[in-house]
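If you want the building blocks of each chain, they are given just below.
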Amino acid sequence: MLTLDMKTTETYEAKDPVVSVGEEELAFLQGAIQKSPRHRTRICTHRSVSEKLHEMFVIYSNTTFVRPNKHIGKDESVFVIDGEADFLFFDDQGAVTQVVEMGDMRSGKAYFCRVPEGIFHTIIMRSPRIMLFEATPGPFNPAETLYAEWGPEESDAPAVAEYRTWMDGEVARLARSEEHTSELQSR
């Protein structure tokens, strides 16, 4: 097991000179998520927020809400280790422009997604939990993450529930639209 330094109930920093992650560390994340009020936690394999590359193993429960956000000047890569989710992309006014269905390598769905800088995005968990590997350039500066004004605050449970229902409807609407387009193209 890695030597981990707990920064918060959501963040653990790896302290070993060589960082390797296996079943033991992923099992640790599954236990640690129970201590997180926001139902999410991560192991950071980078040593500090000032490093040039940030790599993290992240777990979310299906009750986790991630407010739509975008990153200024930084792309982000996401790889699904276990579980399923929909990755949603939005225009600047809050309309859903694309949905990427994601799952682990056995799911038949996309298991990797590169999120371009400057595009609002969020994730909807479709399994009881999802484990991801995320990478993005550092150093970390909270001012470089912009949260959508049209997305509810994570602490506003009624607004989050209403927004989640709306997002689920948008995912279904886009899926129907893609099916219709496929039918027209096959004629």
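Structure: see above.
In this text, all values refer to a predicted model and were calculated from it rather than measured experimentally.

A look at the pairing of strand β1 (residues 4-8)
Here four bridges tie β1 to strand β2 (residues 11-14), and the two strands are oriented antiparallel to one another. Looking at β2, one finds that Thr8 is bridged to Thr11. In this structure, the hairpin formed by β1 and β2 is closed by a connection of two residues.

Regarding the nonpolar core
Counting residues in hydrophobic clusters, the biggest one holds 18 residues, and the most contacted among them are Tyr60, Phe87, Met102, Ile123, Ile130 and Leu132. Looking at this core, the elements that each hand over two or more residues are β4 (53-61), β6 (76-82), β7 (84-90), β8 (96-103), β9 (112-115), β10 (120-125) and β11 (129-137). Ile123 has contacts with Tyr60, Val66, Ala85, Asp86, Phe87 and Leu132, leaving out every residue within four places of it along the chain. In this structure, Phe90, Ala148, Tyr163 and Val171 belong to the second largest nonpolar core, which totals 13 residues.

A look at the packing of aromatic side chains
Within the structure shown, the criterion is met by eight aromatic pairs. An angle of 85° between the planes, with centres 6.2 Å apart, marks the rings of Phe65 and Tyr163 as edge-to-face. Residue Phe65 is found in the loop between β4 and β5 (69-71), and its partner Tyr163 is found in helix α2 (residues 157-186); the two are separated by 98 residues along the sequence. For Phe65, a relative accessible area of 9% puts it in the buried group. In this structure Tyr163 comes out as buried when scored by relative accessible area, which is 9%. Here Phe120 and Trp150 contribute two aromatic rings whose centre-to-centre distance is 5.2 Å and whose plane-to-plane angle is 70°, an arrangement assigned as edge-to-face. Of the two residues, Phe120 is situated in strand β10 and Trp150 in the loop between β12 (145-147) and α2; the sequence distance between them amounts to 30 residues. Taken together, Phe65, Tyr163 and Trp166 form an aromatic cluster joined through their ring pairs.

Looking at the environment of Ile81
Looking at the secondary structure, you find Ile81 in strand β6. Spatially, the C-alpha atoms of Ile81 and Cys113 are 12 Å apart, while their sequence positions differ by 32 residues. Discounting residues that sit within four places of it in the chain, Ile81 has contacts with Leu26, Phe57, Asp104, Met131, Leu132 and Phe133.

Brief notes about a nonpolar patch on the surface
Together, Met105, Tyr111 and Phe112 give the surface a local cluster of nonpolar side chains, amounting to about 320 Å² of exposed area. Inspection of the secondary structure assignment puts Phe112 in strand β9.

A look at the side chain of Thr136
Following the sequence through the fold, Thr136 ends up in strand β11. At a separation of 2.8 Å, a polar atom in the side chain of Thr136 contacts the main-chain carbonyl oxygen of Asp75. With sequence-adjacent residues up to four places away left out, Thr136 is seen in contact with Lys52, Leu53, His54, Met56, Lys74, Asp75 and Glu76.

Here we look at the side chain of Asp104
Following the sequence through the fold, Asp104 ends up in the loop between β8 and β9. According to the relative accessible area criterion, Asp104 is buried, its value standing at 8%. Sequence-distant contacts of Asp104, that is, excluding residues within four places in its chain, are made with Val80, Ile81, Asp82, Gly83, Lys109 and Tyr111.

Considerations on the pattern of salt bridges
Tallied over the entire structure, the rule returns 20 salt bridges. Of the charged contacts in the structure, one is a salt bridge between Lys70 and Asp92, with a shortest N-O distance of 3.4 Å. Here Asp92 lies in the loop between β7 and β8 and Lys70 lies in strand β5, a separation of 22 residues in the sequence. The exposure class assigned to Lys70 is buried, which follows from its relative accessible area of 13%. Overall, Asp92 belongs to the partly exposed group, its relative accessible area being 46%. Arg126 is paired through a salt bridge with Asp168; the nearest N and O atoms lie 2.9 Å apart. Here Arg126, found in the loop between β10 and β11, pairs with Asp168, found in helix α2; they are 42 residues apart in sequence, far enough to count as distant. Looking at Asp168, the relative accessible area reads 27%, which means it is partly exposed. By sharing partners, the salt bridges in this structure join Asp5, Lys7, Glu13 and Lys15 into a single network.

The rules we used
- Within any chain, residue numbers begin from 1 and follow the written order of that chain's sequence.
- For a predicted model such as this one, the threshold for reporting local features is a pLDDT of at least 70, and the threshold for listing and counting side-chain atom pairs is 80 or more; totals across whole chains, interfaces and linings nevertheless cover every residue.
- As a convention, hydrogens and water are excluded, and side-chain values are obtained from all of the structure's heavy atoms.
- A pair of strands is treated as paired once DSSP finds two or more bridges between them.
- Segments assigned H or I by DSSP are reported as helices when at least four residues long, segments assigned E as strands when at least two residues long, and all are numbered from the N terminus.
- Take the buried Ala, Val, Leu, Ile, Met, Phe, Trp, Tyr and Cys residues and link them wherever side-chain atoms come within 4.5 Å; each set so joined is a nonpolar core.
- Burial status follows relative accessibility: with a 1.4 Å probe on protein chains alone, a residue under 20% of its type maximum counts as buried, one over 50% as exposed, and anything between as partly exposed.
- For this analysis, residues touch if any pair of their heavy atoms sits within 4.5 Å.
- Stacked, tilted and edge-to-face are the three classes applied to pairs of Phe, Tyr and Trp rings, where Trp contributes its six-membered ring and a pair requires centres within 6.5 Å; stacked means planes under 30 degrees apart, edge-to-face means over 60, and tilted covers the rest.
- Nonpolar side chains (Val, Leu, Ile, Met, Phe, Trp, Tyr) are joined into patches within 5 Å and like charges within 9 Å, using only residues with over 30% relative accessible area and no salt bridge.
- Shrake-Rupley sampling with a 1.4 Å probe provides the accessible areas, and residues are treated as covered by the protein chains on show and by no other component.
- Within this document, salt bridges are pairs made up of a side-chain nitrogen of Lys or Arg and a carboxyl oxygen of Asp or Glu, the two lying within 4 Å of each other.
- Any N or O atom pair separated by 3.5 Å or less is treated as a polar contact, with the protein-specific requirement of one donor-capable and one acceptor-capable atom, and with residues adjacent in sequence counted only for side-chain atom pairs.

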